[in-house]
Amino acid sequence: MVEWSDFERATIQDIFSKMEYEVVGPAALSRCLVVYPWTQRYFGNFGNLYNAAAIIANPMVAKHGTTILHGLDRAVKNMDDIKATYAELSVLHSEKLHVDPDNFKLLSDCLTIVVAAKLGKAFTGDVQAAFQKFLAVVVSSLGMQYH
Amino acid sequence: MSLTQKDKAAVKALWAKISKSADAIGSDALSRMLTVYPQTKTYFSHWPDMSPGSAPVKAHGKKVMGGINLAVSKIDDLTNGLLELSEQHAFQLRVDPTNFKILSHCVLVVVSSMFPNDFTPEAHVAFDKFLTAVALALSEKYR
């Protein structure tokens, strides 16, 4: 089980309580599709992903980005058992969606960068450490049921 | 994943906007790296003070960004342009190459936090490719 300090718990709750899901979600997913274009392989039916401008303006990308970010809410509410919380989603990503788990890290790096842009100076080294630790646990849990 | 002309132009454009703050970026990125990835502290045990924003950290951050500045100017031939630094990293510093990725990530986070409007997805992909190419050039002589 993962040990969380009081600071880490408070930091995660704070970031997500102030999260603008409809801005950050789309920004993170579109950034991932631009910065790591091979991730587009999973979105063949999303329409125009031809260039950065098209990706950023794509309404399906925006909607899915928001969905993914809300998917983190479960972990935020169950920080003491993220592994169990995501068991089902892990199976889904493996068996139905066939997503290479390496992609989870790519998206989480983009999310970190978007949150850094939003929080500016408030995104200190300690806050970054807590945020990345949280995302690392999520990423690990999502990959847990792959076989 | 080599740098296209478009990438090089984007890197130079971004650098023009952020280079005035190079020292601050370097100091913040390095401080952040030591905090978020504590294993990187193993390379600096000879410093009296490894805390974020300390004098050795600031000085070293400045040095690292000087290297990045050099790399921008040699963007058309990083392997030859960074030859000296490559030999230094291979034979003296022997920093495990995984750490180039770690520091690059911290630089990206700092640039994003300091320049949210300039660090667009297009600028991000070009700069990430560039830092990857720099890391490759720096590890050229490792084996």
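Our structure's up above, just so we're on the same page.
Before going into details, it helps to say that this report is about the structure given with it. All values derive from a computational prediction rather than experimental measurement.

Calculation rules
Sequence order as written defines the numbering, with residues in each chain counted from 1. All chains are assigned letters beginning with A, and all ligands numbers beginning with 1, in the order in which they are written. Only residues with pLDDT of at least 70 are given local features in this predicted model, and only at 80 or more are side-chain atom pairs given and counted; all residues enter the totals for whole chains, interfaces and linings. Based on all heavy atoms of the structure, the side-chain values leave hydrogens and waters out of the count. Working definition of a nonpolar core: buried Ala, Val, Leu, Ile, Met, Phe, Trp, Tyr and Cys residues. They are joined through side-chain atoms within 4.5 Å. Exposure classes here rest on a 1.4 Å probe applied to the protein chains alone. A residue is buried below 20% of its type maximum, exposed above 50%, and partly exposed in between. The contact criterion used is simple: two residues touch if any of their non-hydrogen atoms lie within 4.5 Å. A side-chain nitrogen of Lys or Arg and a carboxyl oxygen of Asp or Glu constitute a salt bridge if their distance falls within 4 Å. To qualify as a helix, a DSSP run of H or I must reach at least 4 residues; to qualify as a strand, a run of E must reach at least 2; elements of each kind are numbered from the N terminus. Stacked, tilted and edge-to-face are the three classes assigned to paired rings of Phe, Tyr and Trp, where Trp is represented by its six-membered ring and a pair needs centres within 6.5 Å; plane angles under 30 degrees give stacked, over 60 edge-to-face, the rest tilted. Note on geometry: axes are lines fitted to C-alpha atoms, helical ones only across the stretch in contact, with angles between N-to-C directions running from 0 to 180 degrees. Should an angle fall under 35 degrees it is taken as roughly parallel, and over 145 as roughly antiparallel, whereas 65 to 115 is taken as roughly perpendicular and any remaining angle as oblique. Under the grouping applied here, Gly and all other residues not named as nonpolar or charged are polar, the nonpolar ones being Ala, Val, Leu, Ile, Met, Phe, Trp, Tyr, Cys and Pro and the charged ones Asp, Glu, Lys and Arg.

### Structural notes on the nonpolar core
Logical step 1: In this structure, F16(A), L111(A), F131(A), F134(A), M33(B), F127(B) and F130(B) are the most contacted members of the largest nonpolar core, which totals 76 residues.
Logical step 2: Those residues within four positions of F127(B) in sequence are excluded, and the remaining contacts are V11(B), L14(B), I18(B), V107(B), L108(B), V111(B) and F119(B).
Logical step 3: Judged by nonpolar contacts, the second largest core, of 15 residues, contains Y36(A), A52(A), I55(A) and V125(B).

### Overview of the pattern of salt bridges
Residue and element names in this part refer to chain B.
Logical step 1: Counted according to the given criterion, the structure contains 9 salt bridges over all chains.
Logical step 2: The salt bridge partner of K17 is D118, with a shortest N-O separation of 3.7 Å. Pair noted here: K17 is in helix α1 (residues 5-18) and D118 is in the loop between α6 (98-114) and α7 (121-138), with a separation of 101 residues, a long-range link.
Logical step 3: The exposure class of D118 is partly exposed, given its relative accessible area of 27%.

### A short note on the packing of aromatic side chains
Residue and element names in this part refer to chain B.
Logical step 1: With the rule as written, the count across this model stands at 10 aromatic pairs over all chains.
Logical step 2: A centroid spacing of 6.4 Å and a plane angle of 75° characterise the contact between F100 and Y142, whose relative ring orientation is edge-to-face. With a gap of 42 residues between them, F100 in helix α6 and Y142 in the segment after α7 connect regions that are remote in the sequence.
Logical step 3: Overall, F100 belongs to the buried group, its relative accessible area being 11%.
Logical step 4: Classification of Y142 by relative accessible area gives partly exposed; the value is 25%.

### Digging into the packing of helix α7 (residues 87-96) of chain A against helix α9 (residues 125-143) of chain A
All names here are of chain A.
Logical step 1: Relative to each other, α7 and α9 sit at 60°, their axes nearing to 7 Å. Taken together, the axes of α7 and α9 are oblique relative to one another. Between α7, through L89, S90 and H93, and α9, the contact on the second element is made entirely by S141, L142 and G143.
Logical step 2: A class-by-class count of the residues in the contact of α7 with α9 yields 2 nonpolar, 4 polar and no charged.

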